Amino acid sequence: MGIPVFILAGLLVHFVFLVSIFDIYFSSPLVHGMTPQQTPLPPPARRLVLFVADGLRADSLYELDGNNTSHAPYLRGILENNGSWGISHTRVPTESRPGHVALIAGFYEDVSAVAKGWKENPVEFDSVFNESKYTWSWGSPDILPMFAKGATGDHVYTFCYTAESEDFGAQDASKLDTWVFDHVKSFFNSSRSNQTLFSALNEEKVVLFMHLLGIDTNGHAHRPNSREYKENIRKVDEGVKEIASMLESFYGNDGKTAFILTSDHGMTDWGSHGAGHPSETLTPLIVWGAGVNYPQKVTSQFFEDNFLKEWKLENLKRLDVNQADIAPLMASLIGVPFPLNSVGTLPLEYLNNSAHFKAESMFTNAVQVLEQFKVKMNQKKATTLSFLFTPFKPLSDSEQINFLRKTRLYIQQQKYDEAVSLCKTLINLALEGLSYYHTYDRLFLGLSIAMGFMGWTTYVILVIVKTHTNLTKTVQSSDKESAALLYGFAFVGMMITFFLLIQTSPWTYYIYCLLPVPVWYAVMRELHVIQNLTANLWSLPISQSLGFILISILGIEILVFSFFYRATLTVGLLVFAGWPVITQLWVQAKTTTLIWTVLCALLALFPLMPVVGREPNIPLVIAAGLLTLLISGFSLASSCKSENKYRNNEDMKVHFYQMLSIALSTYVVSNTHNSLKNKQGLPVFNQIISWTTLVSSSVLPLLSPTFLFQRLFSILLSLMATYLLLSTGYEALFPLVLSGLMFVWIHMEQEALQHYGLSLKPKLAVFNFAYATDITQFRQLHLDDIRRSFFFVFFIVTAFFGTGNIASVNSFDPASVYCFLTVFSPFMMGGLLLLKVVIPFVLVSCAFEAVQVTTQLSSKSLFLIVLVISDIMALHFFFLVKDYGSWLEIGTRYSIFFASNAF
């Protein structure tokens, strides 16, 4: 296989491997084609008002301050005297989009929505808004449009402020909520002079939705325990009071308005959300008005948390729900069909209605969930051969009929409690069945992909052995053997194609199932290499062979563990620190060994630092900037002192400009932090400097000298200027320590070459990589080169996870990007954060390239070893990918899988 074909084949295999998890783990669970289900009895309310206070924690709303007064006195009065209350348990990911989808559509949005961010519908879905007669909504342009776009017809109206208003650096983010309340008031006032609008507002099945983003924005910018966050809650409370009063007056106190106040997600103490901490998953729920139960007095109630006593609400019944249960509740209150894709269970304790109404509503809920199960089952049945199809036994066709018949009989006999109990059982079974059919093909597809990937990894190992070692001899296979092999694999491919064809499988299944065929064909063509390799291994002492295999397995498992437990990196770096002692390298290079050991120990401290939850520490960022200036100053002074003939005036100008960039970046970080602290916003000058530095950092290193260490130092200075702008604390020191270790690593590899007598030691100070490398000088691989490649992969992992986690794009401190922008822009902010993650990766890659050139190895041979290590890790991670759990867990595992493939 030629190099271009090999590269194309590798890219194809990795692309298929990467994309496959969206079919296997992250395909959408939604189904279409169900019949709408509606409670047959008249509803208690004509209209529903939904307030969603984005980012509002349950404890922040319910707790009392030091004077025993509430941050929200009006809402406190409601839950004590007029309505029902509880905690809505959100599911992870605790983000705005999934939270609102759960509230309004009744299902937990699948992970395939991650690629769409906050703004687009990855799949079409039904919602309470869509089922209503009219919905008017006010709030964020990031939330409202997705429900209007997904609606059938033209009955969902949105009124949004501009995206630029969502500014983390603004003086007062609560103005976002004031905007909503003011526009709702003016909207109702204008309806008095607009007969068409007035008539529409007086229809039944009307929803008024107010999305209040101020609390979330203030929480990100100032933290949930700040004065700004609590003051924003007070303003929301006053706004809700005014709107409720205005609506009661507008509708003549007809008692037909139901109100719900809740939140899409909470927030951690450090101002982030996305994961599964209780501060993120526990949100308030207060319901009052038409059809809603009044407060229920109790003498005792038990919950695992200790909140009731803290909130002084132990005598009022707390009614907890899952977030998706709120959609059926809203549908039941105003008498619209339950959203078709809803998986929520109607919380009956919130309803103030007859037992008959409650039983009929639960029956409607059960039939609506069962409809989804039936559609999913029929879809799977249609694409599976009848003798291979394994149905979900607890809900066979006869069992379904039995459940529905028995429930209807109970309702006719007025045995409402029994009917409700049966409906809840049916809902739980239907949800289990939905999950069963959704993951029906997972094992089959997973094994197909794993087979293909294992074949690819085996083939790469054979290529390394064949072309970069002296372990094998060239053997020509006969034409007859080659033809038999080809026909055999072609027959297997035809059989797989026929099997998939008669099952009418999706086209992607053909790719996943047929991929192993050509890959394993290529492996079997190199059978003589396998035989030679096996013979060579048997010729070695068993202890030596086993020792090598065990060390290789241990090394890869340490790498895998380090992706999940960052402290493993610390252990690995401490082992690296002792490597020169174990191999006796220290004898010939005592000073270099000492510096190597110190830098390994320093770098080992970083993985022990916290990832999120830390407060910004700007003095540390400034210290990192000053330290970088000091080091570059010493470098310049030593260069001038030695009258380096390899430097010219142009080189000096580039060095000065890079030092100026470092100084300006340090100033911008300090000044921006102070400006935002004083609520003066992001200075335009600072923003211009930041973006200019970002652009110039990719150009300046190209103008620096082509001598090895001068070019590497230039790359460090350029990237460091950008990294400082993206830093908020200790991580600003990370690239400095990492680069120092990389410089020493290059020297240590030279010592290792001499130690094993592989080549002479080149003069690194005058090594110029601008000149073409003489490929005749390339040597064959040595066992120590596997260790060299392992070091590179370990340093890459350290670069990624040394100060954080690449999966935390949704759960990062927005302060990291404040030097560039403060207006909410998820993709721009995510892109900048990704750049911050990539910078250490670039530093390690440059050092590895230097190691490869100076150790006289072809880049292909070393990178093939890296490829094998990465592929073995990727196979581990493939089976560890999850489609449940926190956004952080899901994101971490997917990002790990993605990173190992991206190598």
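Residues numbered from 1 in each chain as written. Predicted model: local features only at pLDDT ≥ 70, side-chain atom pairs only at ≥ 80, totals over all residues. Heavy atoms only, no water.

> Help me get a handle on the overall build of the chain, residues and values and all.
Scanning the chain from N- to C-terminus turns up 33 helices and eight strands. A burial count over the chain gives 55% of its 903 residues as buried. Counting every atom, the chain has about 38,500 Å² of accessible surface; 63% of that belongs to carbon and sulfur. (Helix = DSSP H or I, 4+ residues; strand = E, 2+ residues; numbered from the N terminus. Buried < 20%, exposed > 50% of the residue type's maximum accessible area, 1.4 Å probe, protein only. Areas by Shrake-Rupley, 256 points an atom, 1.4 Å probe, with all protein chains shown as cover.)

> So what about the pattern of salt bridges? Which residues, and what values?
In this structure the tally under the stated criterion is 17 salt bridges. Here Glu-749 makes a salt bridge to Arg-788, at a shortest N to O gap of 2.6 Å. With Glu-749 in helix H29 (residues 734-755) and Arg-788 in helix H30 (residues 784-801), this residue pair connects regions lying 39 residues apart in the sequence. Here Glu-749 falls in the buried class, since its relative accessible area comes to 0%. Residues joined by salt bridges that share partners form a network here, namely Arg-57, Asp-59 and Asp-269. (Salt bridge = Lys/Arg side-chain N within 4 Å of Asp/Glu carboxyl O.)

> Any chance you could break down the nonpolar core for me, citing the residues and the numbers?
Ranked by internal contacts, the top residues of the largest apolar core, which has 122 residues, are Trp-456, Phe-576, Trp-596, Trp-745, Phe-795 and Met-873. Take this core: its biggest share by element is 13 residues, from helix H28 (residues 708-725). Excluding anything up to four places from it in sequence, Trp-745 contacts Trp-596, Arg-787, Arg-788, Phe-791, Phe-792, Phe-795, Ala-847, Phe-848 and Val-851. With 67 residues, the next largest nonpolar core counts Phe-125, Val-287, Val-321 and Ala-327 among its residues. (Core = buried A, V, L, I, M, F, W, Y, C linked by side-chain atoms within 4.5 Å. Contact = heavy atoms within 4.5 Å.)

> For the packing of helix H26 (residues 649-677) against H28, give the residues involved together with the corresponding values.
Across the interface, H26 lies against H28 with an axial gap of 8 Å and an inter-helix angle of 15°. Judged by the inter-axis angle, H26 sits roughly parallel to H28. Where H26 crosses over H28, the handedness of that crossing is left-handed. Contact with H26, carried on its side by His-655, Gln-658, Ser-661, Ile-662, Ser-665, Thr-666, Val-668 and Val-669, involves Phe-713, Ser-714, Leu-717, Ser-718, Met-720, Ala-721, Leu-724 and Leu-725 of H28 and no other residues of that element. (Axes fitted to C-alpha atoms, helices over the stretch in contact; angles between N-to-C directions. Parallel < 35°, antiparallel > 145°, perpendicular 65-115°, else oblique. Left-handed = near helix turned anticlockwise from the far one by under 90°.)

> Give me the lowdown on helix H32 (residues 859-878), citing residues and values where you can.
A rise of 1.5 Å per residue sets the reference length of H32, with its 20 residues, at 28 Å; its end C-alpha atoms lie 27 Å apart and thus fit the reference within 8%. Counting buried positions over the 20 residues of H32 gives 15, a clear majority of the element. (Expected span 1.5 Å × (residues − 1).)

> Outline the sheet that holds strand E7 (residues 282-289), supporting the account with residue identities and numerical values.
With mixed pairing, the eight strands of this open sheet are ordered in space as E4-E3-E5-E1-E6-E7-E2-E8. A strand with exactly one partner marks an edge of an open sheet, and here the two such strands are strand E4 (156-160) and strand E8 (321-322). In this structure, strand E1 (residues 47-53) lies alongside strand E6 (residues 257-262), joined through six bridges in parallel fashion. Bridge pairing in E6 places Val-52 opposite Thr-262. Relative to E6, helix H13 (residues 326-334) is tilted by about 170°, and along the sheet it contacts E1, strand E2 (84-89), strand E5 (206-212), E6, E7 and E8. (Pairing = 2+ DSSP bridges.)

> Which residues make up the side chain of Thr-693, and what values go with them?
Among the structural elements, Thr-693 can be located in helix H27 (residues 684-696). When residues no more than four places from it in sequence are discounted, the contact partners of Thr-693 are Ser-665, Ala-721, Thr-722 and Leu-725.

> Which residues make up the packing of helix H23 (residues 567-582) against helix H24 (residues 590-603), and what are the values?
The geometry of H23 relative to H24 is characterised by a closest axis approach of 8 Å and an angle of 175° between their N-to-C directions. Taken together, the axes of H23 and H24 lie roughly antiparallel to each other. Taken together, the residues of H24 that come into contact with H23 (itself represented by Leu-573, Leu-574, Phe-576, Ala-577, Trp-579 and Pro-580) are Thr-593, Trp-596, Thr-597, Cys-600, Ala-601 and Leu-603. For the contact of H23 with H24, the class distribution of residues is ten nonpolar, two polar and no charged. (Nonpolar A, V, L, I, M, F, W, Y, C, P; charged D, E, K, R; others polar.)

> Before we move on, could you go through the packing of aromatic side chains and cite the residues and values that matter?
Per the stated rule, a full pass over the model turns up 48 aromatic pairs. Centre to centre, the rings of Tyr-134 and Trp-136 are 5.4 Å apart; their planes meet at 25°, and the pair counts as stacked. According to the relative accessible area criterion, Tyr-134 is partly exposed, its value standing at 22%. Ring plane angle 10° and centroid distance 5.1 Å describe the contact between Phe-259 and Trp-288, whose orientation is recorded as stacked. Taken as a pair, Phe-259 in strand E6 and Trp-288 in strand E7 lie far apart in primary sequence, 29 residues in all. Residue Phe-259 is classed as buried on the basis of its relative accessible area, which comes to 1%. Here a set of aromatic residues connected by ring pairs shows up, and it is made of Phe-576, Trp-579, Trp-596, Trp-745, Phe-790, Phe-791, Phe-792, Phe-794, Phe-795, Phe-848 and Phe-863. Lying across the ring of Phe-363, Arg-408 places its NZ or CZ 4.6 Å from the centre. (Phe/Tyr/Trp six-rings, centres within 6.5 Å; stacked < 30°, edge-to-face > 60°. Lys NZ or Arg CZ within 6 Å of the ring centre and 35° of its normal.)

> Any chance you could break down the pairing of E6 for me, citing the residues and the numbers?
On a regular strand, one side chain projects to one face of the sheet and the next to the other, so that they alternate. Buried residues dominate E6, accounting for six of its six residues. Burial of the side chains of E6 extends over both faces: Thr-257, Phe-259 and Leu-261 are buried on one face and Ala-258, Ile-260 and Thr-262 on the other. Sheet topology places E6 next to E7; five bridges connect them, and they run antiparallel. Residue pairing in the sheet places Phe-259 in a bridge with Trp-288 of E7.

> An account of the confidence of the model for the chain is needed here, citing residue identities and associated values.
Scored by pLDDT, the chain has a mean of 84; 88% of the residues are at 70 or more. Averaged over each element, pLDDT in the chain is lowest for helix H33 (residues 887-902) (64) and highest for E6 (97). Every residue in residues 806-811 is under pLDDT 50, and counting partners more than four places away or in other chains gives 21 contacts. (pLDDT = per-residue confidence, 0-100.)

> If you had to explain the environment of Gly-266 to someone new, which residues and values would you point to?
Structurally, Gly-266 can be placed in the loop between E6 and helix H11 (278-281). Accessibility expressed as a relative area gives 0% for Gly-266, which makes it buried. Expressed as a C-alpha distance, the spacing of Gly-266 and Pro-278, which sit twelve residues apart in the sequence, is 8.2 Å. Gly-266 has contacts with Gly-55, Leu-56, Arg-57, His-273, Ser-279, Glu-280 and Thr-283, leaving out every residue within four places of it along the chain.

> Provide a residue-level description of unusual backbone geometry, including the pertinent values.
For Asn-253, which is not glycine, the phi torsion reads 50° and is therefore positive. Secondary-structure assignment places Asn-253 in the loop between helix H10 (227-250) and E6. On the basis of relative accessible area, Asn-253 is assigned to the exposed category, the value being 60%. Although it is not a glycine, Gln-414 adopts a positive phi angle of roughly 60°. The residue Gln-414 is located in the loop between helix H15 (397-412) and helix H16 (416-438) in this model. Relative accessible area serves as the criterion here: at 58%, Gln-414 is assigned to the exposed category.

> Could you give an account of the pairing of strand E3 (residues 134-139), naming the residues involved and the relevant values?
Burial analysis of E3 places five of its six residues in the buried class, which makes it a mostly covered element. As paired strands, E3 and E5 are joined by five bridges and run parallel to one another. Looking across to E5, one finds that Ser-137 is bridged to Phe-209. Summarising the sheet, E3 and E4 pair through five bridges and their orientation is parallel. Counted as the bridge partner of Gly-139 is Cys-160 from E4.

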